[in-house]
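# Structural description and commentary
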Amino acid sequence: MGVGQVLLVLLAASTVMPVKDPLLNICMDAKHHKTKPGPEGMLYDQCAPWKDNACCTANTSSEAHKDQSNLYNFNWNHCGLMPPKCKRHFIQDTCLYECSPNLGPWIDQADSSWRRERILHVPLCKEDCEEWWEDCKDYVTCKENWHKGWNWATGTNRCPWGSMCRPFSQVFPRPKDLCEKIWSNSYKYTTEHRGSGRCIQMWFDPAQGNPNVAVAKYYAWKKRSSPAWMENVTPETDKAVCPLPWPVPVLLLLALLVVPEGAGGCGSHGWGSL
């Protein structure tokens, strides 16, 4: 095999190399996230389902379980002691946010000083949202949106002056209100069920695998199939069409220079005669 043929073989191989999907298996650019997901030897308690491939560290997973952690100095007990059955949902919510590498299709730019990216409209499974609301409906809070508007004068969140502590069932009349409003639309209430492949699960059994991997793939494909992305998608393979890696044009140029005109090039006896 001549040098020109070798170069053409290398060229063909380089053009079919798989391209990493920018929406899958990634960590957002936020305060405590790792730069890329990977295995963690040990994640604490409710964050353990993500230990095989996580965007959080063991320390972050431990802090996520504290009533007032060093992650954000946020106090769950701002209107009295939060019942354990309610708090476990907020812990799981924190574990999903900090640890999951499967939120790529919903990563959006953030306009805050402590993070560059956030999640927006993550489709939460019906059971996850409704159980969250059911277990917290009798707890009390003074705010609908927990992302902003707190009194931080003491270094931790306190209810704003003049606000009253009211039952969750009044502040959030429906499960949809809780899931969508409490974190500025980070989540979106859906009627999709766990195991459907169409909604993100906060709760899952790691022994059965992480169901959110398939969900992220589906929504990544759906996002790429939207009009704004259509120019960069090949429907047959569902692969993003990215610019050729730099070796490709170099190999092509070398191949054109080395392969003789009469040996399968674009001359009278080459492709031009087909």
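Residues numbered from 1 in each chain as written. Predicted model: local features only at pLDDT ≥ 70, side-chain atom pairs only at ≥ 80, totals over all residues. Heavy atoms only, no water.

### Examining the pattern of salt bridges
Applying the stated criterion to the full structure yields 13 salt bridges. Linking R88 and D135 is a salt bridge whose minimum nitrogen-to-oxygen distance equals 3.3 Å. Highlighted residues: R88 in helix α3 (residues 84-99) and D135 in helix α4 (residues 126-136), separated in sequence by 47 residues. We classify R88 as partly exposed; its relative accessible area is 32%. (Salt bridge = Lys/Arg side-chain N within 4 Å of Asp/Glu carboxyl O. Helix = DSSP H or I, 4+ residues; strand = E, 2+ residues; numbered from the N terminus. Buried < 20%, exposed > 50% of the residue type's maximum accessible area, 1.4 Å probe, protein only.)

### Quick word on the packing of α3 against α4
Contact geometry for α3 and α4: axes closest at 7 Å, N-to-C directions at 140 degrees. The crossing of α3 and α4 is left-handed. The residues of α4 that touch α3, namely those facing K85, C86, R88, H89, F90 and D93, are E131, W132, D135 and C136. Looking at side-chain class alone, the contact of α3 with α4 contains four nonpolar, one polar and five charged residues. (Axes fitted to C-alpha atoms, helices over the stretch in contact; angles between N-to-C directions. Left-handed = near helix turned anticlockwise from the far one by under 90°. Contact = heavy atoms within 4.5 Å. Nonpolar A, V, L, I, M, F, W, Y, C, P; charged D, E, K, R; others polar.)

### A look at unusual backbone geometry
One non-glycine residue, N73, lies in positive phi territory at about 55 degrees. Mapped onto the secondary structure, N73 falls in the loop between α2 (58-63) and α3. N73 sits in the partly exposed class, given a relative accessible area of 34%. In this structure, S184 is a non-glycine residue whose phi angle is positive, near 55 degrees. With respect to the element layout, S184 can be found in the loop between α6 (175-181) and β6 (187-189).

### Remarks on the state of the cysteines
This model, assessed by the stated rule, comprises eight disulfides. One disulfide bridge connects C27 with C55, the sulfur atoms lying 2.1 Å from each other. Since a negative S-S torsion denotes a left-handed disulfide, the C27-C55 link at about -90 degrees is left-handed. Residue C27 is located in the loop between α1 (3-15) and α2, and its partner C55 is located in the loop between α1 and α2; the two are separated by 28 residues in the primary sequence. Assigned by exposure class, C27 and C55 land together as buried. There is a disulfide in this structure between C142 and C159, and the S-S distance comes to 2.1 Å. Its S-S torsion of about -95 degrees marks the bond between C142 and C159 as left-handed, since a negative value means left-handed. Linking C142 in the loop between β4 (140-141) and β5 (166-167) with C159 in the loop between β4 and β5, this pair joins segments that are 17 residues apart in sequence. Assigned by exposure class, C142 and C159 land together as buried. (Disulfide = S-S within 2.5 Å.)

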